[in-house]
Amino acid sequence: DAGITQSPRHKVTETGTPVTLRCHQTENHRYMYWYRQDPGHGLRLIHYSYGVKDTDKGEVSDGYSVSRSKTEDFLLTLESATSSQTSVYFCAISDPGLAGGGTQYFGPGTRLTVL
Amino acid sequence: DQQVKQNSPSLSVQEGRISILNCDYTNSMFDYFLWYKKYPAEGPTFLISISSIKDKNEDGRFTVFLNKSAKHLSLHIVPSQPGDSAVYFCAARPNTNAGKSTFGDGTTLTVKP
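Structural notes, computed from the coordinates. In this convention, every chain numbers its residues from 1, walking through the sequence in written order. To read the labels, note that chains go from A and ligands from 1, taken in the order they are written. For a predicted model such as this one, the threshold for reporting local features is a pLDDT of at least 70, and the threshold for listing and counting side-chain atom pairs is 80 or more; totals across whole chains, interfaces and linings nevertheless cover every residue. Note: side-chain values were computed over all heavy atoms of the structure, leaving out hydrogens and water.

### Here's the deal with the state of the cysteines
Residue and element names in this part refer to chain A.
Thought 1: Only a pair of cysteine sulfur atoms within 2.5 Å qualifies as a disulfide here. As enumerated under the stated definition, the model contains 2 disulfides over all chains in all.
Thought 2: At a sulfur-sulfur separation of 1.9 Å, the disulfide partner of C23 is C91. Torsion about the S-S bond of the C23 and C91 cystine: about -70°, corresponding to left-handed handedness. Here the residue C23 occupies a position in strand β3 (residues 19-25), and C91 occupies one in strand β9 (residues 87-94), the gap between them amounting to 68 residues. Helix and strand assignments come from DSSP, with helices taken as H or I runs of at least 4 residues and strands as E runs of at least 2, each series counted from the N terminus.

The structure is reproduced here in structure tokens:
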């Protein structure tokens, strides 16, 4: 299994509060991604990173920001959480330099509830 | 506009029979296709992939078929086992390892003993 951890695994917060989710990898993969998964929807890309300090927006980036100061860590921040951001968040990694580098490896997920 | 569609939200099959999961895409730039499997409370895991230069790729009980002219791919599981019960996501990407994947909404497969 790829070494990907997410913290926290579960979080309940209130509307308007800031929230930061952390993704940590031990695989030294270049690319990291944040997705959200909601009932009736697949995995929707929020933001991704293609290197330290290099990030870009995905299809559902509004209300989210990210930072990557080290290869192994990718942080997702909800500046002011809203109920619509209640979801399960998955981190993923990939490395284009590897054979089959298009394959993504996913973390276990963080279940976030915004009340 | 959803670029990757899995039109069947759920599928139920009997153990030992074939499971066929379907996926359609609209973007002609997609050249590499993947299937992921997801159990409850876990992250998705890679199952099998296929490049557009092939029309079939097989790995044990799992076979993916690609019909590029129809922009359609399917995943066949033979024989189906109860442990195959999971959500299956189809994903598509440009044929570059640096490209982003676009995912379908998933199909929940239930294999009955």
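### A short note on the sheet that holds β3 of chain A
All names here are of chain A.
Thought 1: Think of it this way: DSSP has to see at least two bridges between two strands before they count as a pair. Strand order in this open sheet of 4 strands is β1-β3-β8-β7, and the pairing throughout is antiparallel. Single-partner strands in this sheet number two, and they are β1 (4-7) and β7 (64-70). Taking each pair of neighbouring strands and ignoring which way they run, the sheet shows an average axis angle of 20°.
Thought 2: As judged from the 4 bridges shared by β1 and β3, these two strands associate in the antiparallel manner. Note that in β3 the partner of S7 across the bridge is R22. The convention used is that axes are lines fitted to C-alpha atoms, helices contributing only their stretch in contact, and that angles between N-to-C directions extend from 0 to 180 degrees.

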